[in-house]
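Observations on chain architecture
Next come the chains, spelled out residue by residue.
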Amino acid sequence: MKKKFETLNENRQAILATNFYNFETLKAILLAAKERNDDIILQLTQSSINYLGLENAVSMAKSGLKYYGVNGYLHLDHGGSIELVESCLKAGFDSVMFDGSELPLEQNIELTRKVVKMAALYDVNVEAELGYIAKLGQSKEKVAYTSAEDAKRFVDATGVNTLAVAIGTAHGFYKEEPKLEFNRLSEIKEAVKIPLVLHGGSGVPVEDVKEAIRRGICKVNVATELKNAFMLTLKQILNDTEEIDLRKVFPPATDAVKALVVGKLEMVTV
Ligand code: 13P
């Protein structure tokens, strides 16, 4: 995955990273990637790992990639502790994120540096986060964008491979269209040179995502819109029918997620 990022970085291109929650969302993502013949990053958060079971989730992702013939990678999204990162490394993840963005900078540096050392033993990619990108349920009013100076210091001190930056996006749906700070992004890129990551991809206008990629974003994360597409379709079906065969009610929801992901794969193609 480190090699993949090197190539993306050189060519100013990006890869889509989507979260999966169950078999159906995983299948939808893989069918979309297969249809477009695109690479994909499959992401799991701590709560999805808790829900699916670590070993089980890894097996699902890896066998799914093989079964559907997709070239893809498994990534830990927002790892909140060294222990979680370590268990994911042992379980066979291709990439891990350690998210110390809510810690004081020095502590974020110290812990990320530890993760980078640990991941080197597995030759695994490490993503970190700097600045405030509102998580689900957190205030979107607060602003703590990443500065180029901090980013440079952080990357030099930790040796991290990829960096999630706060440039105006937030996790979950937006009440108003987000305003991305493109100049800030270019300054950060100029300072650190490494592949940058855009979190909070749901609801960001397509042209903004493309511009962000041209300016150095190499990984675009999308999660909320997938959950939404799945659940809205499922709710509609359950409202409209007495059907209890889940093999009949899940496929339209899976199809809705697949169509969405096809669109997102197009979005990250520049
Ligand atoms: P959204 O849920 O806003 O798409 O953000 C996804 C994400 O950044 C996962 O880390």
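Residues numbered from 1 in each chain as written. Predicted model: local features only at pLDDT ≥ 70, side-chain atom pairs only at ≥ 80, totals over all residues. Heavy atoms only, no water.

Some points on the overall build of the chain
Helix and strand counts for the chain stand at eleven helices and eight strands. Over its C-alpha trace the chain gives a radius of gyration of 18 Å, about what one expects of a compact globule, namely 18 Å for 270 residues. Seen through its principal axes, the chain has C-alpha atoms that stretch 60 × 40 × 35 Å. A total of 270 residues make up the chain; the buried ones form 55% of that total. In the chain, of all internal contacts separated by at least 6 residues, the share reaching a separation of at least 24 is 71%. (Helix = DSSP H or I, 4+ residues; strand = E, 2+ residues; numbered from the N terminus. Rg over C-alpha atoms; globule rule 2.2 N^0.38 Å. Buried < 20%, exposed > 50% of the residue type's maximum accessible area, 1.4 Å probe, protein only. Contact = heavy atoms within 4.5 Å.)

A few points about the sheet that holds strand β2 (residues 40-44)
Spatial strand order, β1-β2-β3-β4-β5-β6-β7-β8: eight strands in a closed barrel with parallel pairing. Across the sheet, the mean angle separating the axes of adjacent strands is 25 degrees when strand polarity is ignored. Of the strand pairs in this sheet, strand β6 (residues 162-165) and strand β7 (residues 196-198) are connected by two bridges, and their pairing is parallel. Considered in β7, the bridge of Ala164 is made with Val197. Lying on the sheet, helix α1 (residues 2-11) is in contact with β1 (15-19), β2, β3 (72-79), β5 (125-130), β6 and β8 (217-222); it crosses β8 at an angle near 115 degrees. (Pairing = 2+ DSSP bridges. Axes fitted to C-alpha atoms, helices over the stretch in contact; angles between N-to-C directions.)

Looking at the site of the ligand
Around the ligand there are 13 residues in total, and Asp77, Gly172, Gly200, Ser202 and Thr224 lie nearest to it. Side-chain polar atom of Ser202 to an oxygen atom of the ligand: 2.6 Å apart, as the coordinates give it. Note that an oxygen atom of the ligand is positioned 2.9 Å from one of the backbone N or O atoms of Ala223. Relative to its unbound accessible surface of 310 Å², the ligand loses 97% to contact with the protein. Within the shell around the ligand, the residues separate by chemical class into three nonpolar, nine polar and one charged. (Near = heavy atom within 4 Å. Polar contact = N/O pair within 3.5 Å; in protein donor to acceptor, adjacent residues only side chain to side chain. Areas by Shrake-Rupley, 256 points an atom, 1.4 Å probe, with all protein chains shown as cover. Nonpolar A, V, L, I, M, F, W, Y, C, P; charged D, E, K, R; others polar.)

Some remarks on the side chain of Asn19
Among the secondary structure elements, Asn19 is positioned in strand β1. Overall, Asn19 belongs to the buried group, its relative accessible area being 3%. Polar contacts involving the side chain of Asn19 include one to the side chain of Gln43, which spans 2.8 Å. In this structure the side chain of Asn19 is engaged in a polar contact, spanning 3.0 Å, whose partner is the side chain of Asp77.

Description of the packing of aromatic side chains
Tallied over the entire structure, the rule returns two aromatic pairs. Taking 5.0 Å as the distance between ring centres and 85 degrees as the angle between the ring planes, the aromatic pair formed by Tyr67 and Tyr68 counts as edge-to-face. Judged by centre distance (5.9 Å) and plane angle (35 degrees), the rings of Phe230 and Phe250 are tilted. Here the residue Phe230 occupies a position in helix α10 (residues 224-240), and Phe250 occupies one in helix α11 (residues 246-267), the gap between them amounting to 20 residues. You can call Phe230 buried: its relative accessible area is 5%. Judged by relative accessible area, Phe250 falls into the partly exposed class, the value being 22%. (Phe/Tyr/Trp six-rings, centres within 6.5 Å; stacked < 30°, edge-to-face > 60°.)

Function cannot be read off these values alone, since they describe shape.
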